[in-house]
Amino acid sequence: MQIFYYTIHVLGFILALLLGLILILKKENQQANKFLSIIFFIITADFFESIMINLGIHKIFPAFPWNTFLFPYIYGPLFFIYAKIITSPDNKHQFKTAVHLIPAVIILLINMVSYYSLAESLKINILNNYPNQIIAINPIINYLGRIYEFLYYIFTIIILYNFRRMIKTYFANLKKINLKWLHHIVFSFIIIEFIIFISSIPNIMQINIVNNIFWIGPSLAVIIMFLTAVLAISQPDLLNEINIINAGSLQSVKKPKYEKLRLDENKERDILNNLIKLMDEKKPYLDETINLAKLAGMLNINPNRLSMILNIHLKENFYSFINRYRIEDAKKYLLSPKYENENILSIVYDTGFNSKSTFNNIFKKMTNMTPKAFKKQKNLYRLTNPDEKI
């Protein structure tokens, strides 16, 4: 079993280091990529320290401040800062968020002072109790570190949730830019840290089965990092897509000040009529890359003004407006003889969607039934009422 534990840590070390290098060496090398690479380099250091202790190196160099750097105090804030960077259109002042790392520096200094004040025999005794030594130097501070980390993960999830709500104002297809993958990674780290936290409680650690659970955390971390690496390599433009958005149409993440954008009622109605005419005649919603800026350009108006028109006059954001037209077309196609023998993917792509799962979710949300159920119900109604049009 010890060999398995050691192998997991070695794999974690290699994978974290490799992923960090991939991100920092990317040609685009955006700020978000650099910061994400820092996170993985710190994970590399975390695994490296565990490997050294597993090999007994701490017995050779007991003076080294092993495990005084508390990773829980830095993982949470780092993911929080990364989420702020990647979701903010203007990240010129993101260095201010470095204040979130101050507690980690303070705790490191406290733990180092506490560690060096111990006799050498006590240091070795602490390190020999690995992994229980993680809480031995300053137990209260170390336990609070887990709570501190959980809070920052929650703050990060809130940022990602607000981001997904915000981009519906500007985009119709969200799958590549909604950062769900980052949400899943953060949530996975919550599970990992919870397992490690529970298994590090002294009374619980004496239960063999729970003691073994401690190693589930590192194992899950390796799996998650592997999946993240696959994502980064197979979809190298994922983070760049966000940066393109930030540099383009997202001029402000704040809700437009509609009072400054309002026009005469008749002028606003004219814009709305021109918009509906454009949608009916040129069908821009069939373009899967359509966004608020593109549609506003077709009408020669400010994107925020178009957003204001949609919200005030139609009570919709851009996302629901575009997808409502797409779903109306999809409903027609589902009943059309032309598509009777076609795969559902044909309708998905012909109506401007870029994902079958997205199409199914939006269709069900707008019609309260799946595409298959809709087609079956309408066909049944048409057979029983041949003289009525549907």
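Refer to the preceding data block for the structure.
Residues numbered from 1 in each chain as written. Predicted model: local features only at pLDDT ≥ 70, side-chain atom pairs only at ≥ 80, totals over all residues. Heavy atoms only, no water.

Chemist: Tell me about the packing of helix H17 (residues 318–335) against helix H19 (residues 356–367), residues and numbers included.
Modeler: At a minimum axis separation of 10 Å, H17 and H19 run at an interaxial angle of 90 degrees. In terms of their interaxial angle, H17 and H19 are classed as roughly perpendicular. Facing Tyr-319, Ser-320, Asn-323, Arg-324, Ile-327, Ala-330, Lys-331 and Leu-334 of H17, the residues of H19 in contact are Phe-359, Ile-362, Phe-363, Met-366 and Thr-367. Each residue belonging to the contact of H17 with H19 can be placed in one class, and the counts come to eight nonpolar, three polar and two charged. (Axes fitted to C-alpha atoms, helices over the stretch in contact; angles between N-to-C directions. Helix = DSSP H or I, 4+ residues; strand = E, 2+ residues; numbered from the N terminus. Parallel < 35°, antiparallel > 145°, perpendicular 65-115°, else oblique. Contact = heavy atoms within 4.5 Å. Nonpolar A, V, L, I, M, F, W, Y, C, P; charged D, E, K, R; others polar.)

Chemist: Which residues make up unusual backbone geometry, and what values go with them?
Modeler: If you check the backbone angles, Asn-300 has positive phi at about 55 degrees while not being a glycine. Relative to the elements of secondary structure, Asn-300 occurs in the loop between helix H15 (292–299) and helix H16 (303–313). Exposure remark for Asn-300: the relative accessible area of 71% places this residue in the exposed category. Even without a glycine there, the phi angle at Lys-315 is positive, about 55 degrees. The residue Lys-315 is located in the loop between H16 and H17 in this model. Since its relative accessible area comes to 68%, Lys-315 is described here as exposed. (Buried < 20%, exposed > 50% of the residue type's maximum accessible area, 1.4 Å probe, protein only.)

The quantities given are spatial measurements derived from coordinates; they are silent on function.
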